[in-house]
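Chain by chain, the residues run as shown.
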Amino acid sequence: MSLSVNLSANIEQAIRAALPPRERYALHEPAFAGNEWDYVKSCLDEGWVSSVGAFVDRFEADLAAFAEVNYAVVCVNGTAALQVALQLAGVRPGDEVLVPALTFVATANSIAYCGAAPWFVDSSAHDFGLDVAKLRELLVSQTRIVDGVCVNKQSGRPVRACVPVHVFGHACRMDDLLELCDEFGIAVIEDATEALGSRYRGRHVGGWGLASVLSFNGNKIMTTGGGGAILTNNAELARRAKHLTTTAKVPHAYEYVHDELGYNYRMPNINAALGCAQLELMGEFVRRKRALAERYATSFAELDDVRFYVEPATHESNYWLNALVLDAAVVGQRDAVLEHLNARRIHVRPIWTLLCDLPMYTACQSDDLTGARQLAAATLNLPSSVELCP
Ligand SMILES: *Cc1c(COP(=O)(O)O)cnc(C)c1O
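Residues numbered from 1 in each chain as written. Predicted model: local features only at pLDDT ≥ 70, side-chain atom pairs only at ≥ 80, totals over all residues. Heavy atoms only, no water.

### Concerning the sheet that holds strand E15 (residues 349–350)
Strand-to-strand pairing in sheets goes through backbone hydrogen bonds, with the strands running parallel or antiparallel.
Okay, so step 1: Ordered by their spatial adjacency, 4 strands build an open sheet running E12-E14-E16-E15, and the pairing between neighbours is antiparallel. With partners counted over all chains shown, the strands left at the sheet margins are strand E12 (306–308) and E15, one partner each.
Okay, so step 2: Here E12 runs beside strand E14 (residues 322–326); their pairing, made up of 3 bridges, is antiparallel. Paired with Phe 308 across the two strands is Leu 324, which belongs to E14.
Okay, so step 3: Strand contacts of helix H12 (residues 370–378): E14 and strand E16 (379–382), with the helix running at about 50° to E16, the strand carrying the most contacts. (Pairing = 2+ DSSP bridges. Helix = DSSP H or I, 4+ residues; strand = E, 2+ residues; numbered from the N terminus. Contact = heavy atoms within 4.5 Å. Axes fitted to C-alpha atoms, helices over the stretch in contact; angles between N-to-C directions.)

### A word on unusual backbone geometry
If a residue is not glycine, its phi is most likely negative; likewise, a peptide bond is most likely trans.
Okay, so step 1: The backbone of Glu 68 shows a phi angle near 60°, a positive value even though the residue is not glycine.
Okay, so step 2: Checked against the element boundaries, Glu 68 lands in the loop between helix H3 (54–67) and strand E1 (71–75).

### Quick look at helix H8 (residues 235–245)
Okay, so step 1: Listed as buried for H8 are Leu 237, Ala 238, Ala 241, His 243, Leu 244 and Thr 245.
Okay, so step 2: Turning to H8, the residues buried within the fold contact E1, helix H4 (78–88), strand E10 (211–215) and strand E11 (228–232).
Okay, so step 3: The backbone nitrogen of Glu 236 lies 3.0 Å from a side-chain oxygen of the residue at the head of H8, namely Asn 234. (Buried < 20%, exposed > 50% of the residue type's maximum accessible area, 1.4 Å probe, protein only. Polar contact = N/O pair within 3.5 Å; in protein donor to acceptor, adjacent residues only side chain to side chain.)

### Quick look at the state of the cysteines
Okay, so step 1: Within this structure, the stated rule accounts for 0 disulfides.
Okay, so step 2: Here Cys 75 is not disulfide-linked; the sulfur of Cys 114 is the nearest cysteine sulfur, at 13 Å.
Okay, so step 3: Classification of Cys 75 as buried rests on a relative accessible area of 0%. (Disulfide = S-S within 2.5 Å.)

### A word on the nonpolar core
Okay, so step 1: Of all hydrophobic cores here, the largest spans 110 residues; its most connected members are Phe 59, Leu 63, Leu 98, Leu 135 and Leu 196.
Okay, so step 2: Considering every element that reaches this core, the biggest residue donor is H4, with 7 residues.
Okay, so step 3: Apart from the residues within four sequence positions on either side, Leu 196 is in contact with Leu 63, Phe 66, Ala 67, His 204, Leu 214, Phe 216, Ile 221, Met 222, Leu 279, Met 282 and Asn 318.
Okay, so step 4: Formed by 27 residues, the second largest nonpolar core is a distinct cluster that contains Ile 11, Ala 14, Ile 15 and Leu 19. (Core = buried A, V, L, I, M, F, W, Y, C linked by side-chain atoms within 4.5 Å.)

### Some thoughts on the site of the ligand
Okay, so step 1: Lining the immediate environment of the ligand, one finds 15 residues, of which Gly 78, Thr 79, Glu 194, Ser 215 and Lys 220 sit closest.
Okay, so step 2: Between the ligand and Glu 194 there is a distance of 2.5 Å, counted from an oxygen atom to a side-chain nitrogen or oxygen.
Okay, so step 3: Relative to its free-state accessible area of 380 Å², the ligand is covered by the protein chains to the extent of 93%.
Okay, so step 4: Residue assignment for the shell around the ligand shows that the elements contributing at least two residues are H4 and helix H5 (105–113).
Okay, so step 5: Of the residues contributing to the shell around the ligand, the split by class is 3 nonpolar, 9 polar and 3 charged. (Near = heavy atom within 4 Å. Areas by Shrake-Rupley, 256 points an atom, 1.4 Å probe, with all protein chains shown as cover. Nonpolar A, V, L, I, M, F, W, Y, C, P; charged D, E, K, R; others polar.)

### Topic: the pattern of salt bridges
Okay, so step 1: Summed over all chains, the structure comprises 22 salt bridges.
Okay, so step 2: Two residues, Arg 22 and Glu 387, come together in a salt bridge whose shortest N-O distance is 2.8 Å. Remark: Glu 387 occurs in the segment after E16 and Arg 22 occurs in the loop between helix H1 (3–18) and helix H2 (36–46); sequence separation between them is 365 residues.
Okay, so step 3: Close ionic contact of Asp 122 with Lys 134 constitutes a salt bridge, the shortest N to O distance being 2.7 Å. Of this pair, Asp 122 sits in the loop between strand E3 (117–121) and helix H6 (132–142) while Lys 134 sits in helix H6, placing them 12 residues apart in sequence. There is no split in this pair, since Asp 122 and Lys 134 are both buried. (Salt bridge = Lys/Arg side-chain N within 4 Å of Asp/Glu carboxyl O.)

### Some remarks on the environment of Phe 104
Okay, so step 1: Relative to the elements of secondary structure, Phe 104 occurs in the loop between strand E2 (96–100) and H5.
Okay, so step 2: Among the residues examined, Phe 104 registers a relative accessible area of 42% and is labelled partly exposed.
Okay, so step 3: Sequence-wise, Phe 104 and Ile 351 are 247 residues apart; in three dimensions their C-alpha atoms are separated by 9.1 Å.
Okay, so step 4: Setting aside residues up to four positions removed in sequence, Phe 104 forms contacts with Trp 352 and Leu 355.

### Considering the packing of aromatic side chains
Okay, so step 1: What the rule picks out here adds up to 11 aromatic pairs.
Okay, so step 2: Judged by centre distance (5.2 Å) and plane angle (55°), the ring pair of Phe 59 and Phe 216 falls under tilted. Highlighted residues: Phe 59 in helix H3 and Phe 216 in the loop between E10 and E11, separated in sequence by 157 residues. Phe 216 carries the same exposure label as Phe 59, and that label is buried. (Phe/Tyr/Trp six-rings, centres within 6.5 Å; stacked < 30°, edge-to-face > 60°.)

### Side note on the side chain of Arg 160
Okay, so step 1: One can find Arg 160 in strand E6 (residues 159–162).
Okay, so step 2: Among the polar contacts listed, one links the side chain of Arg 160 to the side chain of Asp 95, at a separation of 2.8 Å.
Okay, so step 3: Here Arg 160 is in contact with Ala 89, Gly 90, Val 91, Arg 92, Asp 95, Glu 96, Val 149, Ile 186 and Ala 187, once residues within four sequence places are set aside.

What follows is the structure, encoded as structure tokens:
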């Protein structure tokens, strides 16, 4: 048996040992075990399926309570939520926004939608998140403050915001990052799309920065079919988020008056109904996903050449997607492992292509990305559905 066959077979065995027997294992499937049918049916029965209805208000209130923030504004998806949050943070055409290269493409796309350019920074193996120490070096050496605004020395453009991403549900070091960004006058918008239910130093993610963003896409920890939300503790920002995502319509009994360029980014009531039901299950979802991660950790503990990623002591993660990191010595066998597992109907997939390597972003400025490149080459996501753990 060749070495890679050996490694693949060992990984397969460890995965199967952690999971209940199934014919196939999806990467992540939604679970509908609560009031989903009832709530959606009531939308249909009462005719409130679109952009007006009681579930939208209820979902926003329940979500804010769950995420421990003052306000939640729901909308069509996480990408739209990011775009609006960035605009509200003052990001304008010609600005630059710091963002890890190791994230889903939507994080950078939302920056581009604002007419701004991503400036790609490195990630840390500590939590898959933005490497705060390296970001400090970058800001100190490559920016200067001009009239209170942080400016990129090379491009001459304002560095308006930073978007940390809580990758796979593991929070970034938000305390250190906020301190750094405060020093440089840079707004922080958390991409918490993967991290509902995750905590850092005891505090739920999403309430650290100026605003944050959630996604309720079908593959996230809970789903509304499609959907997103902007979270904030700032009343004025929440009011503006609602206004911009509802075509900037001025409330009036019958007149159509829109006082600025807004968007039709409202979440339909029928999706919010699904959201209310799913949110009732979130405590249970997080508990089960954490239990699944523990099973994987036990199962992989004795296996050489790989490390199952376990949260740092400061974190309490939702383990949205479980991650297995190959040691440097066996990184060359990654594709053989992927082929072996997927051929056996165990859906395992590599992490994202670094965004700076995608055609629309190759011209953007990048810091040294050694950490992100290593993680991208070595990391596999394992089946992580809630139903895989009792
Ligand atoms: C899912 C996701 C998004 C986008 O959310 P959508 O609701 O699919 O638009 C953005 N960033 C990250 C890191 C994500 O995983």
